[in-house]
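Structural description and commentary
Now for the letters of each chain:
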Amino acid sequence: MKKISVMIPCYNEEENVKPIAYAVTDILEKELSQYDYELLFIDNCSTDKTRIYLRELCAENKRIKAILNARNFGQFNSPYYGMCQTTGDCTITMCCDFQDPVEMIPKFVKEWEAGYKIVSGIKTSSKENGFIYFLRTVYYRLIKKMSDVEMIEHFTGFGLYDKSFIQLLRELDDPIPFIRGIVAEFGYKRKEIEYEQPKRRAGKTHNNWYSLYDAAMLSITSYTKVGLRIAVLGGFVCAGISFLIGLIYLVLKLIYWESFSAGTAPMVIGMFFIGSVQLFFIGLLGEYIMNINQRVMHRPLVIEEERINFE
C-alpha cells in the first residue's frame, strides 16, 4: 500500500491547527482510503496554544506526528526540514491557515499516479489583499526575467512531491533553502494545477513587509547575477556622467572665466546623487555577502526540541 505524507508548517495557529488536521484526515480517509497516510506538523516555536493542541491531536491519532522546534528558524528552513522528515511515497505540503485548499489533495494524487513527480498548485487569483497580489505578480515576473532559472509564477510551495524529489532535498543539504527556486531548478516532470486562493480561515497572517523582502532577497541573491551586473553598469554610467559634467564646467570656466559662476549647487547635488547610488549598491552587495556567509557557516536548518509519534 502506497503512503501519502502531508506536511504542514505552523506558527501561532491555535485557531486553525485542529480544523486543518480534521479536514486533511477526513479527505485522506474518505477519498483516498486506498492509501496509508501520515500527517506531519512542524511547529516553529509557537507562543500560543498551538503546541497544546498538537499534543492532543497526536494522542488522538497515531498517524499524526509533530516536530516542535527549539526556536523560530524562519519561514524557509522549517518547512524544508519538515519535508525531509516525511516517510511517504509522496509528500504534500500546505499551509495551516486553509489558504491552500484541502480539496486539491485528491487532484494532486491523481496527477502523481499519472506519472508526474511534482504537482504544483498555481494561484490564478486571490481573495486576499489585491495590492499585495499585484506586488507578488510584479515580483514573480521580475525574478523570472532576471534569473537564469525559469521561476514559477505564483507558486508558494503548495503541491505534491514524489519521494525521489524529497530524497534530492535531503542530499542538497542547503543551509538557506528556497524551495520555489529548487523546484524550478531541479524539478522533475511537473504538472501545474491552477486554483483561487481563499481567505485565511482565522487568525492573523505572519507575513509582513520584512518577510516579503526577505523572500525577495533570498531569491535574488540565490538565483540571479543581475544585481551585481547593474551595480557595475550603474557605476560606469555614473562615472561617465560625472566626468562629462565636470568637463563641461571646466570648458565653461575657461571660456567665461571672469563671469561664469555655477555656485556649489551642482557639486552638492552630484555628491548626494553619487552617494545614494553607492549606498544602494553597497547594500545590495551586502545581501549577496550575507547569503555567502550563511552558506559558509552551514548551521543546522532546525534544532528540534521534541518529536511526537515518531517510532
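Residues numbered from 1 in each chain as written. Predicted model: local features only at pLDDT ≥ 70, side-chain atom pairs only at ≥ 80, totals over all residues. Heavy atoms only, no water.

**Describing the side chain of S5**
To keep things clear, this is the line we draw: Put simply, DSSP H or I for four residues or longer makes a helix, DSSP E for two residues or longer makes a strand, and each gets a number counted from the N terminus. Burial status follows relative accessibility: with a 1.4 Å probe on protein chains alone, a residue under 20% of its type maximum counts as buried, one over 50% as exposed, and anything between as partly exposed. Whether two residues are in contact is decided by their heavy atoms, any of which lying within 4.5 Å being enough.
Along the chain, the position of S5 falls in strand β1 (residues 3-10). You can call S5 buried: its relative accessible area is 1%. If we skip the residues at most four places from it in the chain, S5 touches E38, T86, T87, G88, C90, T91 and I92.

**A short note on the packing of aromatic side chains**
Applicable threshold: The rule is short: rings of Phe, Tyr and Trp, with Trp giving its six-membered ring, pair when the centres are within 6.5 Å, and they are stacked under 30 degrees, edge-to-face over 60, tilted in between. Two thresholds decide whether a charge sits over a ring: the Lys NZ or Arg CZ must be within 6 Å of the ring centre and within 35 degrees of the ring normal.
Applying the stated criterion across every chain, the model contains three aromatic pairs. Centre to centre, the rings of F108 and F158 are 5.0 Å apart; their planes meet at 65 degrees, and the pair counts as edge-to-face. Residue F108 is found in helix α4 (residues 105-113), and its partner F158 is found in strand β6 (residues 155-162); the two are separated by 50 residues along the sequence. Judged by its relative accessible area of 0%, F108 is buried. Given the relative accessible area of 1%, F158 is considered buried. For the pair F158 and Y195, a centre-to-centre distance of 5.4 Å together with 80 degrees between the ring planes defines the contact as edge-to-face. Of this pair, F158 sits in strand β6 while Y195 sits in strand β7 (residues 190-197), and the two are 37 residues apart along the sequence. The residues F158 and Y195 share a single accessibility class, namely buried. The residue whose ring lies beneath K2 is W112, and the NZ or CZ to ring-centre distance is 5.1 Å.

**Overview of the packing of helix α3 (residues 74-84) against helix α6 (residues 163-172)**
Spelled out, the test is: Lines are fitted to the C-alpha atoms to define the axes, a helix being fitted only along its stretch in contact, and any angle between axes, read from their N-to-C directions, falls within 0 to 180 degrees. In these notes the angle categories are as follows: under 35 degrees is roughly parallel, over 145 is roughly antiparallel, 65 to 115 is roughly perpendicular, and the rest is oblique. Note on convention: the crossing is left-handed when the near helix lies turned anticlockwise from the far helix by less than a right angle, right-handed when the turn is clockwise. Residues are grouped as follows: Ala, Val, Leu, Ile, Met, Phe, Trp, Tyr, Cys and Pro are nonpolar; Asp, Glu, Lys and Arg are charged; all remaining types, including Gly, are polar.
As a packed pair, α3 and α6 sit with axes 9 Å apart at the nearest point and diverge in direction by 120 degrees. Taken together, the axis directions place α3 and α6 in an arrangement best described as oblique. In this structure, α3 crosses over α6, and the sense of that crossing is left-handed. Along its contact with α3, which presents Y80, M83 and C84, the element α6 presents I166, L169, R170 and L172. Among the residues making up the contact of α3 with α6, the classes are represented as six nonpolar, no polar and one charged.

**Observations concerning the pattern of salt bridges**
Stated precisely, the cut-off is as follows: The salt bridge definition used is simple: a Lys or Arg side-chain nitrogen within 4 Å of an Asp or Glu carboxyl oxygen.
A complete count under the given rule lists 13 salt bridges for this structure. Between E306 and R55 there is a salt bridge; the shortest N-O distance is 2.7 Å. Separated by 251 residues along the polypeptide, E306 in strand β8 (residues 304-308) and R55 in helix α2 (residues 50-60) bring together distant segments of the chain. Taking the relative accessible area as the measure of exposure, E306 reaches 27% and is therefore partly exposed. On the basis of relative accessible area, R55 is assigned to the partly exposed category, the value being 36%. The shortest N-O distance in the salt bridge between E304 and R307 comes to 2.7 Å.

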